Amino acid sequence: MTRAKRHAATSTIYTLLMIYAVWTLFPIVWVVLSSFKTNAQALSVPPKFFFTPTTANYPDVFHTISGFSGVIVNSVVIAAAGTAAIIVLSVPAAYGLSRMVTIGRNALGFGIMSARTFPTIGLAIPLFLLMQDAHLLDTRVSVIAANVAFSLPFGIWMIYGFVEAVPRELEEAAALDGCTRIGTLLRIVLPQLLPGIGATAILTAIVAWREYLFPLVLTTRNARTLPVVAGSFITDFGTDWSGLCAYAVMTMLPVAIFGAFVSKYLARGFVSGAVKG
Amino acid sequence: MVVRGSPERQRARRLRWKRIATGFAFMAPAIAVLCAVLLYPIAYNVWLSLHSYNLSELYLGKHWVGLHNYWLELHDAFFWRALRNSAIVTAASLCIELPIGMGLALLLNRRLRGHAIFRFFFFLPLMLVPAVTAYMWRFLFQYTGILNYFLGELHIGRINWSSTTAGLASVVVLSVWENTPFSLIVLLAGLQSIDPEILAAAHVDGADGWRRFRYIVLPLMRQFILIVLVIRTMDLLRLFEEGYILTGGGPGRSTETLSQLVYTQMFTFFDVGRGSAISIMEGVVVVGATLILFLTLRVRAGQRSA
C-alpha cells in the first residue's frame, strides 16, 4: 500500500469510529447536560445548548424519592449478600464437580443452559406467590433469593472453569501428606482461585445491581432497589425530566468509574461466561 | 494383573464411589438452594399453568383445568400480537447489532492510536443500569425531545414515537444502542484469537480485504457469531423493561412483548394461571429459537468443512 493510500484508510477508520462515538456518547452527554437544567428548559423548543446551570436537581432527588438513602443501602446489601451467597455455594460445588464427581457433568451443563433460557418473568410469578405465602414480600431476602436463583448456575459454571485450570499435582501431594478434602480446598485450591472468584463476584454483583424485574415484582416500599425507583419522577401531575436526569447521572457515575477499572475483566468474564454458558 | 472381582478391584470401586459421594457432599448445599429457589418455583409455575387461579377471585380457589389456559392463550389475539412484537424486535435488533458490532470489532482490532479510549466509550452503554437507560431514552424520545429536534433539522420531520410502529422502532433503537457493545466485546475477542500469520499468508497470495474477511475471518469467527446470536436471541425474546418503561405496551396494548403480556396477565388481570401458561410457552419459544440457531449454524458449518 502506498503512503497516501494508507493515510486515507486511517482517516476513514477514525471518521467511522468518531461517528459511532458520537452516537454512543451523545445521549449520555445530553442527559448530563439536562440534569443541570430546570424542568422547563429540559424539553424546551428549540433545545437549549447553552444555559445557566443549576444544581438544584441533585438534592431534589432525595425529596422526590422517599427514603433514597435507604434505597441505595438496599441495592448495595442485596448485591453484596447475593454475591457472597453465590460464591460460598459455588466454590465447593465447583470443586466437587471438577475433582470428584465424574458422572453427570453434561447434565449440569444442560441445567445451566435451561436456567438461562427460562424467562425471568416465569420465575418471578411463582416466587411472588411463594414469597407472599412466606410473608417475605417487600423484604431484601426475597430479592436476594430471586437473584441467587437466577445467577447461581452461572456462578458454579464459571468457577468450575477456573477450578479446572488449577493444576492437580499439588492437591495429590497434599492428600499424600494427609490433608483432608476440605483442607485441600481451603489451603491449596482456594488461594489459586482468588482471581477467578473476583471476576465471578464482579459479574454476579453487576447482574444483581442492574436487575429490574425481581425488585419490581417482589418489593413495594421497604426493599426497593435503585432501578425500580426511577419511576418516581413520572407522576400523574407531570414528569420531572431534569430530576430524572440527575437521578440517572447519580446511578451512572459509580458504575462508569468502576467499569473503567474492570472493563478488561468484564470483557473476559462476558466472553468466558458466554463461551462456557 | 487385576482380575475381575478381585479384592484390588473391589477396593478401587469402593474408593471411586466414596470419592463421588464426597463430591456430592461438596455440591449438596448448592443443589439444595437450587432446588428451593429455582427448580421448585419452576415446577410450581408449570403446576399453576394447569390450574384456573385468579388473585382477584380468590373465593373461587384453584382448580385443575388441564391445558385450558394454553388453549385460551392460543385463541387470544393479544398472545399472537405479543409473539409477533417479540419476533419483530428480536429480528430487527439482531440485524442491526450484529453487523455494527462486527464492523466496530474490525476497526478496533487494528489497534490504532487511541483505540483504548474508543473501546471505553463504546462499552459504556453496557455498564449502565438498563432500567435507567430505558428512562433516559424515554426522555430523548419525547415529542419535543432532542431526537425529534435533530430529525426536524435533517428535514425528516418530528416523529410521534408513541404510535405502534414507531413505538416498536424506539424499543429496537434502545436495545441496539444498549447491546451493540456486547456483540463488539465477543467479536473482538474472536478476532484477537485469529492467528495474524494466516491473514498475512492470504495477503501474500493476493487475497484482497473483502476476500480475506469473507473466506478467512468469517469462517474462523463462526463460533463467536453463534454465541452472540444465541445469547442475544434469548435476551431479546425475553425483553421486558425496555418495552415496559419506554412504551408501556402502548398505545393500548399494541406494542406488548411476550414478557410484558405475562406481566399484564399476572399483575393487571391477576390471572395467575394464564400468566404462567404464557411464560411456559415463552420458554418453549426461546428454547426452540435457540435450537434452530444451533442446528442451522452447526449444519452449515459441517457442509463448509466437508
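Criteria and cut-off values
- Residues numbered from 1 in each chain as written.
- Chains lettered and ligands numbered in written order.
- Predicted model: local features only at pLDDT ≥ 70, side-chain atom pairs only at ≥ 80, totals over all residues.
- Helix = DSSP H or I, 4+ residues; strand = E, 2+ residues; numbered from the N terminus.
- Rg over C-alpha atoms; globule rule 2.2 N^0.38 Å.
- Buried ≥ 20, exposed ≤ 12 C-beta atoms within 10 Å, placed from the backbone.
- Contact = placed C-beta atoms within 7 Å.
- Nonpolar A, V, L, I, M, F, W, Y, C, P; charged D, E, K, R; others polar.
- Domains from an automatic or database assignment.
- pLDDT = per-residue confidence, 0-100.
- Core = buried A, V, L, I, M, F, W, Y, C linked by C-beta atoms within 7 Å.
- Axes fitted to C-alpha atoms, helices over the stretch in contact; angles between N-to-C directions.
- Parallel < 35°, antiparallel > 145°, perpendicular 65-115°, else oblique.

(A) Region of interest: the overall build of chain A. On a plain count of helices and strands, chain A comes out with 12 helices and two strands. The linear arrangement of helices and strands in chain A, starting from the amino end, is α-α-α-α-α-α-α-α-α-α-α-β-β-α. Here the C-alpha radius of gyration of chain A, 24 Å, is well above what a compact globule of 277 residues would show, namely 19 Å. If one aligns the C-alpha atoms of chain A with their principal axes, the spans along those axes are about 75 × 75 × 30 Å. Looking at chain A as a whole, 43% of its 277 residues qualify as buried.

(B) Seen up close, the overall build of chain B. Helix and strand content of chain B: 13 helices and two strands. Scaling as 2.2 N^0.38, a compact globule of 306 residues should have a C-alpha radius of gyration of about 19 Å, whereas chain B reaches 26 Å, well beyond that. Dimensions of chain B along its principal axes, counting C-alpha atoms only, are 90 × 80 × 35 Å. Taking all 306 residues of chain B together, 41% fall into the buried category. A separation threshold of at least 6 residues defines the contact pool for chain B, and within that pool the share at least 24 residues apart is 69%.

(C) The arrangement of the interface of chain B and chain A in detail. The interface of chain B with chain A comprises 67 residues on the first partner and 70 residues on the second. The element best represented in the side of chain B that touches chain A is helix α1 (residues 7-49) of chain B, accounting for 18 residues. By residue class, the composition of the side of chain B that touches chain A is 50 nonpolar, 12 polar and five charged.

(D) Just the domain arrangement of chain A, in detail. Residue and element names in this part refer to chain A. As assigned here, chain A comprises domain 1 (1-64 + 240-256) and domain 2 (68-239). The gap between the C-alpha centroids of domain 1 and domain 2 is 33 Å. For the side of domain 1 that touches domain 2, the secondary structure elements donating two or more residues are α3 (57-64) and α12 (241-276). Of the residues that constitute the side of domain 1 that touches domain 2, the class distribution is five nonpolar, three polar and one charged.

(E) View of the domain arrangement of chain B. Residue and element names in this part refer to chain B. Here chain B is partitioned into domain 1 (7-49) and domain 2 (68-305). Once you take the C-alpha centre of each, domain 1 and domain 2 turn out to be 37 Å apart. Across the side of domain 1 that touches domain 2, the residue classes break down as two nonpolar, two polar and no charged.

(F) Region of interest: helix α5 (residues 130-140) of chain B. Burial analysis of α5 of chain B places 11 of its 11 residues in the buried class, which makes it a mostly covered element. Of the positions making up α5 of chain B, those classed as buried are Pro130, Ala131, Val132, Thr133, Ala134, Tyr135, Met136, Trp137, Arg138, Phe139 and Leu140 of chain B.

(G) Main features of the confidence of the model for chain A. All names here are of chain A. When the pLDDT values of chain A are averaged, the result is 85; 92% of them are 70 or greater. Looking across chain A, the model is least confident in helix α5 (residues 105-117), with a mean pLDDT of 70, and most confident in helix α10 (residues 213-218), with 94. Contacts from residues 273-277, a stretch scored under 50 in pLDDT, to residues over four places away or in other chains number 14 contacts.

(H) Fine view of the environment of Glu171 of chain A. Residue and element names in this part refer to chain A. Structurally, Glu171 can be placed in helix α8 (residues 169-176). Assessed through the 19 C-beta atoms surrounding it within 10 Å, Glu171 is described here as partly exposed. It is 44 Å that separates the C-alpha atoms of Glu171 and Thr251, two residues lying 80 residues apart in sequence. Every residue in contact with Glu171, bar those within four places of it in the chain, is listed here: Thr184, Ile188 and Val189.

(I) Structural view of the nonpolar core. Membership of the largest hydrophobic core comes to 153 residues, with the highest contact counts inside it found for Ala94, Ala124, Ala149, Leu244 and Ala248 of chain A together with Tyr135 and Leu187 of chain B. Element by element, the count of residues in this core is highest for helix α7 (residues 140-165) of chain A, at 16 residues. Setting aside residues up to four positions removed in sequence, Tyr135 of chain B forms contacts with Ala230, Leu244 and Ala248 of chain A together with Ile245 of chain B.

(J) Quick peek at helix α8 (residues 196-204) of chain B. For α8 of chain B, the buried fraction is low: zero of the nine residues fall into the buried class. A positive phi of about 95 degrees marks Gly206 of chain B, the residue just after α8 of chain B.

(K) Region of the structure containing unusual backbone geometry. Even without glycine at this site, His135 of chain A takes up a positive phi of about 55 degrees. The phi angle at Phe270 of chain B is positive, at roughly 55 degrees, despite the residue not being glycine. Judged by the 14 C-beta atoms lying within 10 Å of it, Phe270 of chain B is partly exposed.

(L) Main features of the packing of helix α6 (residues 120-133) of chain A against α1 of chain B. At a minimum axis separation of 8 Å, α6 of chain A and α1 of chain B run at an interaxial angle of 95 degrees. Here α6 of chain A lies roughly perpendicular to α1 of chain B, going by the angle between them. Contact residues: α6 of chain A offers Gly122, Leu123, Ile125, Pro126, Leu127 and Leu130 of chain A, while α1 of chain B offers Pro41, Ile42, Tyr44, Asn45 and Leu48 of chain B. Here the residues of the contact of α6 of chain A with α1 of chain B are counted per class, giving nine nonpolar, two polar and no charged.

(M) Main features of the confidence of the model for chain B. Residue and element names in this part refer to chain B. Taken over all residues, the pLDDT of chain B has a mean of 88, while the share at 70 or more is 96%. Across chain B, element-level confidence peaks in helix α3 (residues 77-108) with a mean pLDDT of 95 and bottoms out in helix α13 (residues 272-305) with 82. With pTM at 0.88, the complex prediction returns an ipTM value of 0.87.

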